[in-house]
Amino acid sequence: MPFSLDKAAASYDVIVIGSGLGGLTSAKRLSYCGYKVLLLEFHHQLGGLATWFKRNGHIFDISLHGFPYGMVKTCKKYWTKEITESIVQLKNIVFDNPQFSLKTTFDRIDFTALLNKKFKIPQPVIDRFFATVAGMNFYDDQTMTTRELFEEFFPGRTDVHRLLMEPITYANGSTLDDPAITYGIVFSNFMNKGVFTFEGGTDKLIRLMTEDLERNGVMICTNAKVDRIVVEKGKVRGVEVNGRVITAPAVVSNSGITNTIYDLAGREAFTSDFLEQADAIRVNNSSCQVYIGLKKDADIEDRGDLLFTSSAPVFDSAELLDMQTHSKTFSVYYPKTRPGHDRYAIVASMNSRYEDWNRLSPVAYESEKQALIARTLIDLNRYFPGVNDKIDWLEAATPKTFNRYTLHTHGTSFGTKFEGLAVSRSIFKEVPGLFHVGSVGIIMSGWLGAINYGVIVANDVDSYIRSI
Amino acid sequence: MTRDAIKDLVLEIIKDIDEDADFEALQADQPLRDQLDLDSMDFLDIVMELRKRHKLQIPEEDYPQLASLDSCVNYLEPLLKNA
Ligand SMILES: Cc1cc2nc3c(=O)[nH]c(=O)nc-3n(C[C@H](O)[C@H](O)[C@H](O)COP(=O)(O)OP(=O)(O)OC[C@H]3O[C@@H](n4cnc5c(N)ncnc54)[C@H](O)[C@@H]3O)c2cc1C
């Protein structure tokens, strides 16, 4: 059980601000290296965007829609056996839009067959495409965009572009105009073996992670919002939280990169060259979600685990972001998702812009939320006819909700665009002792990206502390 | 540390990272990455373990020196001569 802040000591080796998957993993690795670690979380619950909430007997997962197989290796190395063994495949991924309808396991073998048989792409082109994306590295040339990559291999084939892009746009907010490498790395991760989920739900994952941190001696405090990172003589001295200063030679911020620079450390801690880079960071889009709970004895047919649905004629990144978008995913949580919990839940997710929702008056905001729920139900009925009568809980979240719970700039769901990675990676060279971990650069976002980044940053911190 | 001891150390660390790693057919002069299916996160783990066990600081620009078993030994030998 996490503690309240008054139980925290006056100083630690490392303070981690924020308990998203990146912060949790850095805390774990640093305790494994033998450091005395304090983890401070603003919310009352750990996990950051890897979170859930309970309503009316339902448990709704926010960001458990699917992750790549790489999570197995990562959890095995950096977390526990029990966590690793709860990772299971989602075998039925459905696409339904005016251009095509299909069901797939979303892996290279199945995609190769689909591209060849259904989309009539010659085998050598498919092989070359997969070889090209699999060979992409983050330090490669970034001038080619995903749009150019698709045009090179599948010129004019908007249906193929949609098949390849739509899921990745939902997975990390990237568009056809982002660097092709960000697409290639994430897409290849999924194509390795398909889409996986965590059996037992996000609540189980975070409980197991918390127990593991406690076994490793990490001091965890919730309801602890850090107001300031204390920088003195150009170096980190600690953090200020609830009017109290706790000292540490190293601070790892899992708050957003922009929040970390502007709100926590403050512009005065950085050089103008660094600020110029930071000012150019574009945060990623946010999300809307509709949470749908079914009555106790109600059930629905198995129509797939993850449905990419759209009634827009072609894929268009801007259309996906529009408040009135005709594109959304449905994640269907059957009772098997949470053994022992026999309820059905469905979460609809859409990409969305903070500005669109933030500019609304309170009255307009409420009515837009209701309209969002109504549109979602119309779409849902196409897959589960008559489902409305089975529903006993409906609730919507908007970019403002994500902003309120994570404090992230504009409620970003997937951190920043590519340029955020270089700033995050170099912040400790700018202010010794200050590290950033968390979704940045598209490739370091998502559950897998955030956990792996937590390991990478812990390595930097260990190296730094040993050098001072 | 002797060259053989360094070799054992590296293999032991890899075994900790991946208990299924098979060293039977391993060619010491060929890249570890291809033969043992190691990715960049695995190499980071090797670096972190070496720091943990032997207080070695391996700068990022030297990571390529860890490519094969032979190159690991060559690179680590002077650093571990008193270990
Ligand atoms: C709707 C949605 C769906 C998603 N679906 C998926 C999916 O299916 N698969 C997938 O892999 N990824 C998904 N993601 C992305 C994934 O959830 C995130 O990339 C990942 O969880 C982010 O981890 P993080 O380490 O960046 O930290 P975050 O989760 O962003 O957490 C940051 C933490 O820091 C805390 N914090 C911030 N400021 C302070 C402060 N001043 N003091 C104390 N604490 C502070 C916050 O409260 C929060 O707990 C989804 C995201 C969203 C929003």
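As the structure is a prediction and not an experimental result, all values here were calculated from the model.

### Some words on the overall build of chain A
Then step 1. Tallying secondary structure elements over chain A gives 17 helices and 20 strands in all.
Then step 2. For 468 residues, the compact-globule estimate of 2.2 N^0.38 gives 23 Å, and the C-alpha radius of gyration of chain A, at 22 Å, lies within 12% of that figure.
Then step 3. Dimensions of chain A, computed from C-alpha atoms along their principal axes, come out at roughly 60 × 50 × 50 Å.
Then step 4. Counting the 468 residues in chain A, one finds 61% classified as buried.
Then step 5. In chain A, of all internal contacts separated by at least 6 residues, the share reaching a separation of at least 24 is 73%.
Then step 6. In the structure as shown, chain A presents an accessible area of about 17,900 Å², 53% of it carried by carbon and sulfur atoms.
Then step 7. When the 51 basic and 53 acidic side-chain charges of chain A are each reduced to a single mean position, those positions are 4 Å apart.

### Let's talk about the overall build of chain B
Then step 1. The helix and strand tally for chain B stands at four helices and zero strands.
Then step 2. Each helix (α) and strand (β) of chain B, taken in turn from the N terminus, gives the series α-α-α-α.
Then step 3. The C-alpha atoms of chain B give 12 Å as radius of gyration, which agrees with the globular expectation for 83 residues (12 Å, within 12%).
Then step 4. Burial statistics for chain B: of 83 residues in total, 41% are counted as buried.
Then step 5. Partitioning the intrachain contacts of chain B with sequence separation of at least 6 by distance along the chain shows that 56% fall at a separation of at least 24.
Then step 6. Surface exposure of chain B reaches about 4,600 Å², of which carbon and sulfur atoms provide 45%.

### Remarks on the sheet that holds strand 12 (residues 235-241) of chain A
Residue and element names in this part refer to chain A.
Then step 1. The sheet built from three strands is open, its strands ordered 11-12-13 with antiparallel pairing. Every interior strand has two partners, whereas the edge strands, strand 11 (226-232) and strand 13 (244-247), have only one. The average undirected angle you get between the axes of adjacent strands in this sheet is 30 degrees.

### Some thoughts on the packing of helix 2 (residues 70-78) of chain A against helix 3 (residues 40-54) of chain B
Then step 1. Orientation of helix 2 of chain A relative to helix 3 of chain B, taken along the N-to-C sense of each, is 10 degrees, at an axis distance of 12 Å. On the basis of their axis angle, the class for helix 2 of chain A and helix 3 of chain B is roughly parallel. Together, Lys73, Lys77 and Tyr78 of chain A of helix 2 of chain A and Met41, Asp42 and Asp45 of chain B of helix 3 of chain B make up the contact between the two elements.
Then step 2. Residue classes in the contact of helix 2 of chain A with helix 3 of chain B are distributed as two nonpolar, no polar and four charged.

### A word on the interface of chain A and chain B
Then step 1. Contacts between the two partners involve 17 residues from chain A and, on the opposite side, 17 residues from chain B.
Then step 2. Across the chain A to chain B interface the summed buried area is about 1,500 Å²; carbon plus sulfur atoms make up 45%.
Then step 3. Three residues stand out in chain A for area buried against chain B, namely Lys77, Asn459 and Arg466 of chain A, and they jointly supply 35% of the buried area on that side.
Then step 4. Between lysine 77 of chain A and aspartate 45 of chain B there is a salt bridge, and its shortest N-O distance comes to 2.7 Å.
Then step 5. At the junction of chain A and chain B, the tally comes to ten residue pairs in polar contact (both at pLDDT 80 or more).
Then step 6. Only helix 1 (21-32), helix 2 and helix 17 (446-467) of chain A provide two or more residues apiece to the side of chain A that touches chain B.
Then step 7. Examining the composition of the side of chain A that touches chain B, we find that nine residues originate from one element, helix 17 of chain A, more than from any other.
Then step 8. Across the side of chain A that touches chain B, the residue classes tally to six nonpolar, four polar and seven charged.

### Focus: the side chain of aspartate 305 of chain A
Then step 1. Inspection of the secondary structure assignment puts aspartate 305 of chain A in the loop between strand 15 (286-294) and strand 16 (306-310).
Then step 2. Not counting residues up to four positions away in its chain, the partners in contact with aspartate 305 of chain A are Leu90, Lys91, Asn92, Phe330, Ser331, Val332, Tyr334 and Lys336 of chain A.

### Points about the packing of aromatic side chains
Then step 1. Applying the stated criterion across every chain yields a total of 28 aromatic pairs over all chains.
Then step 2. Taking the centre distance of 6.2 Å and the plane angle of 45 degrees together, the rings of phenylalanine 153 of chain A and phenylalanine 154 of chain A count as tilted.
Then step 3. Residue phenylalanine 153 of chain A is classed as buried on the basis of its relative accessible area, which comes to 7%.
Then step 4. Taking the centre distance of 6.1 Å and the plane angle of 80 degrees together, the rings of tyrosine 334 of chain A and tyrosine 344 of chain A count as edge-to-face. Of this pair, tyrosine 334 of chain A sits in the loop between strand 17 (327-333) and strand 18 (345-352) while tyrosine 344 of chain A sits in the loop between strand 17 and strand 18, and the two are ten residues apart along the sequence.
Then step 5. The ring of tyrosine 12 of chain A has lysine 36 of chain A lying over it, and the distance from NZ or CZ to the ring centre is 5.0 Å.
Then step 6. Taking NZ or CZ as reference, lysine 52 of chain B lies 3.8 Å from the ring centre of tyrosine 32 of chain A, over its face.

### So, the state of the cysteines
Residues and elements named next belong to chain A.
Then step 1. Inspection of the entire model under this criterion finds zero disulfides over all chains.
Then step 2. Of all cysteine sulfurs, the one in cysteine 33 lies closest to cysteine 75, which takes part in no disulfide; the gap is 18 Å.
Then step 3. With a relative accessible area of 0%, cysteine 75 lands in the buried category.

### Overview of the sheet that holds strand 5 (residues 67-68) of chain A
Residues and elements named next belong to chain A.
Then step 1. Read from one edge of the open sheet, three strands run 5-9-6, paired in antiparallel fashion. Two strands lie at the open edges of the sheet, namely strand 5 and strand 6 (87-90), each paired on one side alone.
Then step 2. Direction of pairing for strand 6 relative to strand 9 (residues 195-198): antiparallel, over a ladder of four bridges. Within the sheet, the bridge partner assigned to glutamine 89 lies in strand 9 and is phenylalanine 196.

Thresholds applied
- Residues numbered from 1 in each chain as written.
- Chains lettered and ligands numbered in written order.
- Predicted model: local features only at pLDDT ≥ 70, side-chain atom pairs only at ≥ 80, totals over all residues.
- Heavy atoms only, no water.
- Helix = DSSP H or I, 4+ residues; strand = E, 2+ residues; numbered from the N terminus.
- Rg over C-alpha atoms; globule rule 2.2 N^0.38 Å.
- Buried < 20%, exposed > 50% of the residue type's maximum accessible area, 1.4 Å probe, protein only.
- Contact = heavy atoms within 4.5 Å.
- Areas by Shrake-Rupley, 256 points an atom, 1.4 Å probe, with all protein chains shown as cover.
- Lys, Arg positive; Asp, Glu negative; His and termini not counted.
- Charge placed at Lys NZ, Arg CZ, Asp CG, Glu CD.
- Pairing = 2+ DSSP bridges.
- Axes fitted to C-alpha atoms, helices over the stretch in contact; angles between N-to-C directions.
- Parallel < 35°, antiparallel > 145°, perpendicular 65-115°, else oblique.
- Nonpolar A, V, L, I, M, F, W, Y, C, P; charged D, E, K, R; others polar.
- Buried area = accessible area lost by both parts, 1.4 Å probe.
- Salt bridge = Lys/Arg side-chain N within 4 Å of Asp/Glu carboxyl O.
- Polar contact = N/O pair within 3.5 Å; in protein donor to acceptor, adjacent residues only side chain to side chain.
- Phe/Tyr/Trp six-rings, centres within 6.5 Å; stacked < 30°, edge-to-face > 60°.
- Lys NZ or Arg CZ within 6 Å of the ring centre and 35° of its normal.
- Disulfide = S-S within 2.5 Å.

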